Each structure stands twice: as C-alpha cells, then as structure tokens.
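One letter stands for each residue in the lines below.
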Amino acid sequence: MNKNIKLLFLTVFGVMTVGCTTHYQLTSVSRQRILIDNRYDRQPDAAAAAFIAPYQQKVDSVMSPVMGIAARDMDKRQPESEISNLLSDILVWAGKDYGEKPDFGIYNIGGIRAALSKGAVTYGDINDIAPFENKIAFTTLSGEKVTELFQQIAKRGGEGVSHGVELVITKDGQLLSARLNGKEIDPKAQYRAVTIDYLAQGNDGMMAFKDGTNLVSPQNELDNARFIIMNYFKAMHAQGKEVDAQVEGRIRIKN
C-alpha cells in the first residue's frame, strides 16, 4: 500500500447485560484474514480517502523529509545482516554524544521492524525500522559476563553486533569462540557496552545485561533509538556520504 497511508480503524463491540435476569452466552467465534495490499491503491474508497485527506498532509510533512541516502538495500537476517550491523555500529557512533567510548554495541534483530531500500531514506522509513520507545543505554560488563552475553546471542542464532565483535557459533546455538577488536575476551577485564534499554533490562534472552554496572540510560525523547539513527543519517548526508553496511563475518556459523 501507499507508505503514507497507514491508518487502521478498529471497531470494538462489547456485550452488555441488561437487567438482573438477562444473560448472554458466547456460542461461537469466527475469524477472517483480510489481505491489505496495493489493490486498495488502484481502487481507493472515496469516502475513506475523503476522511483521511485532512490528516494526510500533516503525516506527509512529518514523515517525508529525507534524512540521508542508503547505498544499498538492507534487510535483517540471522546470524548477521547489513542492517543489524549498521544499527549496532550507529549505537557505538552515538557514544561520543554522551561522553562514552563503548567497546561494542548490541542491537536486537527482533527490534528491527522494517528493511532499508537503496536511495533516499525518510523520517518515515527510519520510524518504520525503529518504531518503539527504546532509548540508548550504556552499561559495564565483566569479561565473564561479556562471554555469557555472547553465549546467549549464539543461542538465539545471532543478533546485531558492532564492528570488532567476532563470534563463531554452531547451528544449534553454541558459542565456539569470541573475540573483541582482535583479542580474546579477558574474563577479569571490564567492557563498556552500548545497547537499548529494552535489552539492558535483560530482555530477548540477553540476561547477562542484568548484571551490568554503571548503567547510563537517558530517557529523554531524543535519546530514542530512531532519533539516534536519524542523526547518523543526517550526519553522513551533511558529509556527502551514503550510508552503507556489509556482512563481514561478525557472526559465523561453523558446522
């Protein structure tokens, strides 16, 4: 469908009892899947179009501005993908704005809700990718906990990890090896990680984050992941650069 028309109307009917002696009983439940595709753009409903028209201009004014240019199509997949690499790297890049120097970044693939298409990338495109109210979060993990975190990522079949992370995993989710910036993980060392607050709370099976210390998790609107992603696109655009990312073997599956 037209990307700018994303209004869904839901009507909910409730069953109410009338009087003390009147009772209603559910006798059956039925459901139907309604396919919503571009057929509705070819033959739009006139009444619906008229209803939406006053709002469409406002939506377009917010969602249509171009933030930057994508060098290629980027979709999500496991164990590694262009877009999950990109978003993890963006979190690390954003550390400078918070006085942080993260050793690595993690972005959950399940939180990436849309792909990137080559060419102009709008506010609306980025909003589709990161529609949730997730905020950037920094935390410190011991090397032992970093290894535990990477084991949890292996068990999940891979997540977004930043440049410098090298994981070798098996098809059944076992971690075979882990390196960070070319070095083995030191179990006694302290590592600064950047992620989103949803993961910092131990969600999506990444429980090791719950043992992090010195948590910095600003909760202002502009700390939302989507605005940080927009800032990166705008910064690259101002430098005349296209935004690019590639699969580079950050997470490899070994039979």
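A short tour of the structure in this document, coming up.

Thresholds applied
- Residues numbered from 1 in each chain as written.
- Predicted model: local features only at pLDDT ≥ 70, side-chain atom pairs only at ≥ 80, totals over all residues.
- Heavy atoms only, no water.
- Helix = DSSP H or I, 4+ residues; strand = E, 2+ residues; numbered from the N terminus.
- Buried < 20%, exposed > 50% of the residue type's maximum accessible area, 1.4 Å probe, protein only.
- Contact = heavy atoms within 4.5 Å.
- Lys, Arg positive; Asp, Glu negative; His and termini not counted.
- Charge placed at Lys NZ, Arg CZ, Asp CG, Glu CD.
- Pairing = 2+ DSSP bridges.
- Salt bridge = Lys/Arg side-chain N within 4 Å of Asp/Glu carboxyl O.
- Polar contact = N/O pair within 3.5 Å; in protein donor to acceptor, adjacent residues only side chain to side chain.
- Axes fitted to C-alpha atoms, helices over the stretch in contact; angles between N-to-C directions.
- Expected span 1.5 Å × (residues − 1).
- Parallel < 35°, antiparallel > 145°, perpendicular 65-115°, else oblique.
- Nonpolar A, V, L, I, M, F, W, Y, C, P; charged D, E, K, R; others polar.

## Observations regarding the overall build of the protein
- The helix and strand inventory of the protein stands at 7 helices and 11 strands.
- Reported as C-alpha extents along the three principal axes, the dimensions of the protein are approximately 70 × 55 × 40 Å.
- Expressed as a percentage of its 255 residues, the buried residues of the protein come to 40%.
- Within the protein, contacts between residues separated by at least 24 positions form 78% of all contacts whose residues are at least 6 apart in sequence.
- Put simply, the protein has 30 plus and 30 minus side-chain charges, and the middle of one group is 2 Å from the middle of the other.

## Description of the pairing of strand 2 (residues 104-107)
- The alternating pattern of strand 2 places Phe 104 and Ile 106 and Gly 105 and Tyr 107 on opposite faces, both of which are buried.
- Bridge analysis of strand 2 against strand 9 (residues 190-196) gives 2 bridges, and the strand direction is parallel. Residue Gly 105 lies in a different strand from strand 9, and its bridge partner there is Val 194.
- Looking at chain direction, strand 2 and strand 5 (residues 160-161) are connected through 2 bridges and run antiparallel. Its bridge partner being in strand 5, Tyr 107 is matched across the sheet by Gly 160.

## Quick word on the side chain of Glu 80
- With respect to the element layout, Glu 80 can be found in the loop between strand 1 (66-70) and helix 3 (82-94).
- Buried charge Glu 80 goes without a salt bridge, the closest partner of opposite sign being Arg 250 at 4.4 Å.
- Here Glu 248 takes part through its backbone nitrogen, which lies 2.9 Å from a polar atom of the side chain of Glu 80.
- There is a polar contact of 3.3 Å between the side chain of Glu 80 and the backbone nitrogen of Ile 251.
- Apart from residues no more than four positions distant in its own chain, Glu 80 is found in contact with Asn 85, Gln 246, Val 247, Glu 248, Gly 249, Arg 250 and Ile 251.

## As for the pattern of salt bridges
- For the structure shown, the criterion picks out 12 salt bridges.
- The residue Asp 89 makes a salt bridge to Arg 250 at a minimum N-O spacing of 2.8 Å. Placement of Asp 89 in helix 3 and of Arg 250 in the loop between helix 7 (225-238) and strand 11 (251-253) is noted, with a sequence separation of 161 residues between them.
- The buried category is assigned to Arg 250, whose relative accessible area is 4%.
- Among the salt bridges present, the one from Arg 192 reaches Glu 100, with a minimum N-O distance of 2.9 Å. Remark: Glu 100 occurs in the loop between helix 3 and strand 2 and Arg 192 occurs in strand 9; sequence separation between them is 92 residues.

## Overview of the sheet that holds strand 2
- As summarised here, the arrangement of the 5 strands in space is 5-2-9-4-10, forming an open sheet in which the pairing is mixed. Among the strands making up the open sheet, the edge pair consists of strand 5 and strand 10 (213-216).
- This element, helix 5 (residues 143-155), spans strand 2, strand 4 (136-142), strand 5 and strand 9 of the sheet and lies at about 115 degrees to strand 4.

## With respect to the pairing of strand 6 (residues 165-169)
- Taking burial as the measure, the 5 residues of strand 6 include 4 buried ones, the bulk of the element.
- The hairpin formed by strand 6 and strand 7 (residues 175-180) contains 5 residues between the paired strands, and Gly 173 there has a positive phi angle of roughly 85 degrees.
- As paired strands, strand 6 and strand 11 are joined by 3 bridges and run parallel to one another. Residue Leu 167 lies in a different strand from strand 11, and its bridge partner there is Ile 251.

## Thoughts on helix 5
- For helix 5, with 13 residues, the first-to-last C-alpha span of 18 Å sits near the 18 Å given by 1.5 Å per residue.
- Among the residues of helix 5, those classed as buried are Gly 143, Val 146, Leu 149, Phe 150, Gln 152, Ile 153 and Ala 154.
- Just downstream of helix 5, Gly 157 is the residue with a positive phi angle, here 85 degrees.

## Structural notes on the packing of helix 3 against helix 7
- Where helix 3 contacts helix 7, the two axes come as close as 10 Å, and the packing angle between them is 85 degrees. Relative to helix 7, helix 3 is oriented roughly perpendicular. In this structure, helix 3 uses Leu 86, Leu 87, Ile 90, Trp 93 and Ala 94 to contact helix 7, whose residues at the interface are Ile 228, Ile 229, Asn 231, Tyr 232, Phe 233 and Ala 235.
- In terms of residue class, the contact of helix 3 with helix 7 is made up of 10 nonpolar, 1 polar and no charged.

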